[in-house]
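Each chain, letter by letter, is given below.
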Amino acid sequence: MLSQGFPQNFPHPPLIDSAADNGLGSIFYRPFDADRLPYSQQWNLTVEHQFTGNFYVSAGYVANKGTRLNSQTLPINALNPSLLAMGQKLYDVFQPGQNTLDGVSIPYPGWVEQMTACAPTVAQALTPYPQYCSPLRGANENLGGSTYHSFQLKAENRFSHGFWFLGTYTASKLLTSADSV
């Protein structure tokens, strides 16, 4: 009978239980701005000069900037750096039944017993989501960026009988906060 609503005599999936993954390690979430398309911009300037009929030099500047690249730069379950002043106290471990340690309270009742993938340390209790043992990195997070700058020099000299000399030199620098993917 539908007048009494849908039957509720089935086991509820774990995704309905708000404590389903508490105490575990690798939890993934999808950031709101995930999957924005990455893009890159390139530019260069090259100057060539031919000194003789057989000898020329080319000098160029080449650059590339990548935006919205795949990254793992924003873990949302990281300890606030200002709490690092607590030093070795961050490694102290709560024992079952203990509610406070070094002036820090447990996040909720039963937290110590629930932590199975990592130790219930003071540092873990001070994270934004203390029930999870991972830094909670977003799937397809794209906050990464990269910059590439280079100077490229080339000299070529043609000799008689089909012989020639070619010399090149490149000095470059790449800075990135993106994944290695």
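Residues numbered from 1 in each chain as written. Predicted model: local features only at pLDDT ≥ 70, side-chain atom pairs only at ≥ 80, totals over all residues. Heavy atoms only, no water.

Asker: Provide a residue-level description of the overall build of the protein chain, including the pertinent values.
Answerer: In terms of helices and strands, the protein chain carries two helices and six strands. Of the regular secondary structure in the protein chain, the N- to C-terminal order runs β-β-β-β-α-α-β-β. Whereas a compact globule of 181 residues would reach a radius of gyration of roughly 16 Å, the protein chain reaches 29 Å, over 25% beyond that. For the C-alpha atoms alone, the extent of the protein chain along its principal axes is close to 95 × 55 × 25 Å. Out of the 181 residues belonging to the protein chain, those deemed buried represent 22%. Residue pairs in contact within the protein chain that sit at least 24 positions apart in sequence constitute 63% of those at least 6 positions apart. Roughly 12600 Å² of accessible area belongs to the protein chain as shown, and the carbon and sulfur atoms make up 59% of that amount. Averaged over its 9 positive side-chain charges, the protein chain has a centre that lies 15 Å from the centre of its 11 negative ones. (Helix = DSSP H or I, 4+ residues; strand = E, 2+ residues; numbered from the N terminus. Rg over C-alpha atoms; globule rule 2.2 N^0.38 Å. Buried < 20%, exposed > 50% of the residue type's maximum accessible area, 1.4 Å probe, protein only. Contact = heavy atoms within 4.5 Å. Areas by Shrake-Rupley, 256 points an atom, 1.4 Å probe, with all protein chains shown as cover. Lys, Arg positive; Asp, Glu negative; His and termini not counted. Charge placed at Lys NZ, Arg CZ, Asp CG, Glu CD.)

Asker: Go over the sheet that holds strand 2 (residues 55–69) with me, naming the residues and quoting the values.
Answerer: Sheet strands associate in pairs through backbone hydrogen bonding, adopting either a parallel or an antiparallel arrangement. Reading across the sheet, the four strands line up as 1-2-5-6 and stay open at both edges, with antiparallel pairing between neighbours. A strand with exactly one partner marks an edge of an open sheet, and here the two such strands are strand 1 (39–50) and strand 6 (164–176). Looking at each pair of strands side by side, their axes are set apart by 10° on average, direction ignored. Two strands pair when backbone bridges link them, and strand 1 and strand 2 are joined in this way by 12 bridges, in the antiparallel orientation. Within strand 2, the residue paired with Q42 across the bridge is N64. (Pairing = 2+ DSSP bridges. Axes fitted to C-alpha atoms, helices over the stretch in contact; angles between N-to-C directions.)

Asker: Residues and numbers for the pairing of strand 2, please.
Answerer: Counting the residues in the hairpin turn of strand 1 and strand 2 gives four residues. Direction of pairing for strand 2 relative to strand 5 (residues 144–158): antiparallel, over a ladder of 14 bridges. From the neighbouring strand, K65 faces strand 5, where its bridge partner is T147.

Asker: So what's going on with the state of the cysteines? Residues and values would help.
Answerer: Scanning all chains against the criterion turns up one disulfide. Residue pairing for C118: its cysteine sulfur links by disulfide to C133, the two sulfurs lying 2.2 Å apart. Here C118 and C133 share a disulfide; its torsion about the S-S bond, -75°, makes the bridge left-handed. Here C118 is found in the loop between helix 1 (111–114) and helix 2 (122–125), whereas its partner C133 is found in the loop between helix 2 and strand 5, with 15 residues between them in sequence. (Disulfide = S-S within 2.5 Å.)

Asker: Tell me about the nonpolar core, and please be specific about residues and values.
Answerer: Of all hydrophobic cores here, the largest spans 11 residues; its members are L90, F94, L101, V104, I106, W111, V112, M115, V122, A123 and A125. If near-sequence neighbours (up to four positions away) are discounted, M115 is found in contact with G23, P120, Q124, P130, Q131 and C133. (Core = buried A, V, L, I, M, F, W, Y, C linked by side-chain atoms within 4.5 Å.)

Asker: Break down the side chain of T121 for me, with residues and values.
Answerer: For T121, the location among the structural elements is in the loop between helix 1 and helix 2. At a separation of 3.1 Å, a polar atom in the side chain of T121 contacts the main-chain amide nitrogen of Q124. When near neighbours in sequence (up to four residues on either side) are disregarded, T121 contacts L90, Y91, D92, V93, F94 and W111. (Polar contact = N/O pair within 3.5 Å; in protein donor to acceptor, adjacent residues only side chain to side chain.)

Asker: Please set out the side chain of S146 residue by residue, giving values where relevant.
Answerer: Of note, S146 is situated in strand 5. For S146, a relative accessible area of 16% puts it in the buried group. Once residues lying within four places of it in the same chain are set aside, the contact partners of S146 are N64, K65, G66, L69, L174, L175 and T176.

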